[in-house]
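Results of the structural survey
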Amino acid sequence: MKKEEIIEVLSEVSLFRTMTADCILLNLNKMNYFLKTFDKNEVIAREGDDCNQIGIVLSGSLELRKEFPAGHYMTLTYLDRGHIFGEVIVFSNISKYPATIITTLKTEVLYIHREDIIQLMEGCESILKNFVSVISNKVVMLNKKTSILSFKTIEEKVASYILEEYKARQQMTFNIPLSRKELAGYLNVPRPSLSRTMGKMKTEGIIDFYQNTVKILDIQALEDCLFKI
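Scoring rules and cut-offs
Residues numbered from 1 in each chain as written. Predicted model: local features only at pLDDT ≥ 70, side-chain atom pairs only at ≥ 80, totals over all residues. Heavy atoms only, no water. Buried < 20%, exposed > 50% of the residue type's maximum accessible area, 1.4 Å probe, protein only. Helix = DSSP H or I, 4+ residues; strand = E, 2+ residues; numbered from the N terminus. Arc of directions from axis to C-beta. Salt bridge = Lys/Arg side-chain N within 4 Å of Asp/Glu carboxyl O. Pairing = 2+ DSSP bridges. Axes fitted to C-alpha atoms, helices over the stretch in contact; angles between N-to-C directions. Contact = heavy atoms within 4.5 Å. Domains from an automatic or database assignment. Buried area = accessible area lost by both parts, 1.4 Å probe. Polar contact = N/O pair within 3.5 Å; in protein donor to acceptor, adjacent residues only side chain to side chain. Nonpolar A, V, L, I, M, F, W, Y, C, P; charged D, E, K, R; others polar. UniProt positions renumbered as here; feature names shortened; annotations may be inferred. Lys, Arg positive; Asp, Glu negative; His and termini not counted.

With that settled, consider helix H2 (residues 21-28). Taken as a whole, H2 has its buried residues at Ile 24, Asn 27 and Leu 28. In an axial view of H2, the angular spread of the buried residues amounts to 105°, which keeps them on one side of the axis.

What follows is the structure, encoded as structure tokens:
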């Protein structure tokens with residue numbers, strides 16, 4: 001990828017979003033960054049591998065998954081163009097990947113070493129503020145997902161997720177930013193079971209949906225899903 005294209009992507013990245021293209025170029029020239037291209041279904045980091053850099057997805061898509069000894073795995077999230085990974089752990093005392101990262105498409109990643117990140121933050125207040133914001137937002141997201149996964153039944157998890165999206169958007173009709181497969185992975189439930197549960201909620205007049213669009217028909221009934229005895 002050409003430098004002009006890299007700058008275009010970085011302008012969408014939360015770490016650089018408040019900066020002009022010229023400022024991004026200036027900081028890019030200060031970094032000892034490197035690019036790496038991965039094929040589809042290639043593992044780019046295993047759980048427990050050392051993490052001494054952050055990665056920025058320039059193109060393609062990644063899946064973060066928790067793998068288990070018997071071969072099963074749980075999808076934690078998906079990352080595509082403009083998303084960062086490794087930012088939460090690169091400065092931690094452990095500095096090891098807590099999950100396995102695998103490509104779902106041919107993917108190009110820009111890596112920035114820990115030492116370069118420190119230099120960037122020391123020389124640019126905007127990057128320091130953006131980095132803190134990135135970390136804070138990630139913690140909020142993790143807390144949100146932990147709250148959803150604390151529910152036992154699939155209906156409870158679906159209702160909790162839809163209600164969280166409603167609170168964020170304040171709209172009864174909205175698009176879910178995940179495919180059905182991605183949503184099943186996010187909620188840690190089998191995809192067929194997710195489809196059956198959402199179909200049941202539709203039949204009961206609680207929600208309606210078409211593809212990724214969801215409409216809340218009865219918000220009281222949706223909340224009641226969380227408090228069934």
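Having seen the model, we can carry on.
Opposite charge on two side chains makes pairing possible when the charged atoms of those side chains draw close. What the rule picks out here adds up to 12 salt bridges. The shortest N-O distance in the salt bridge between Lys 200 and Glu 204 comes to 2.8 Å. When the shortest N-O distance is used, the salt bridge between Asp 208 and Lys 202 registers 3.5 Å. With a relative accessible area of 37%, Lys 202 lands in the partly exposed category.

Turning our eyes to something else, we now look at the sheet that holds strand E9 (residues 173-175). Overall, antiparallel pairing links the 3 strands, which are arranged E9-E11-E10 in an open sheet. Among the strands making up the open sheet, the edge pair consists of E9 and strand E10 (207-210). The average angle at which neighbouring strand axes cross in this sheet is 20°, direction not considered. In this fold helix H5 (residues 154-169) packs onto E9, E10 and strand E11 (213-216), with an angle of close to 100° to the strand it touches most, E9.

Segmentation of the chain into domains returns domain 1 (3-145) and domain 2 (151-225). For domain 1 and domain 2, the distance between their C-alpha centroids amounts to 29 Å. The interface is formed by 6 residues belonging to domain 1 together with 7 residues belonging to domain 2. Counting the surface lost from both domain 1 and domain 2, the interface buries some 680 Å², and carbon and sulfur atoms represent 58% of this. A per-residue breakdown of the area domain 1 buries against domain 2 is headed by Tyr 78, Lys 144 and Lys 145, which together make up 67% of the total. Connecting domain 1 to domain 2 are 0 residue pairs in polar contact (both at pLDDT 80 or more). For the side of domain 1 that touches domain 2, the secondary-structure elements that each account for two or more residues are strand E5 (73-80) and helix H4 (125-149). If you tally residues by element for the side of domain 1 that touches domain 2, the top one is E5, at 4 residues. For the side of domain 1 that touches domain 2, the class distribution of residues is 3 nonpolar, 1 polar and 2 charged.

Burial analysis of strand E8 (residues 107-113) places 6 of its 7 residues in the buried class, which makes it a mostly covered element. Of the strand pairs in this sheet, strand E1 (residues 34-38) and E8 are connected by 5 bridges, and their pairing is antiparallel. Note on E8: the bridge partner recorded for Thr 37 is Glu 108. Both strand E3 (residues 53-59) and E8 contribute to a ladder of 6 bridges, which runs antiparallel. By the bridge assignment for E8, Gly 55 is matched with Tyr 111.

Turning next to the UniProt feature "domain: Cyclic nucleotide-binding" (unreviewed entry) in the chain. Under the UniProt annotation, "domain: Cyclic nucleotide-binding" (unreviewed entry) lies at residues 15-138. Between the first and last C-alpha atoms of residues 15-138 the distance is 13 Å; the span itself is 26% helix and 35% strand.

With that settled, the discussion passes to unusual backbone geometry. Backbone geometry follows two general trends: most residues other than glycine have a negative phi, and most peptide bonds adopt the trans configuration. Unusually for a residue other than glycine, Ser 95 sits at a positive phi of about 50°. In the Ramachandran plot, Asn 188 falls in the positive-phi region, its phi being about 60° despite a non-glycine side chain. Examined against the element boundaries, Asn 188 turns out to sit in the loop between helix H6 (180-187) and helix H7 (191-203).

Below, the discussion takes up the side chain of Glu 108. Tracing the sequence through the fold places Glu 108 in strand E8. Despite its burial, Glu 108 pairs with no opposite charge, the nearest such side chain being Lys 106 at 8.5 Å. At 3.5 Å, the side chain of Glu 108 and the backbone nitrogen of Met 1 are in polar contact. Apart from the residues lying within four places of it in its own chain, the contact partners of Glu 108 are Met 1, Leu 35, Lys 36, Thr 37, Ile 56, Val 57, Leu 58 and Ser 59.

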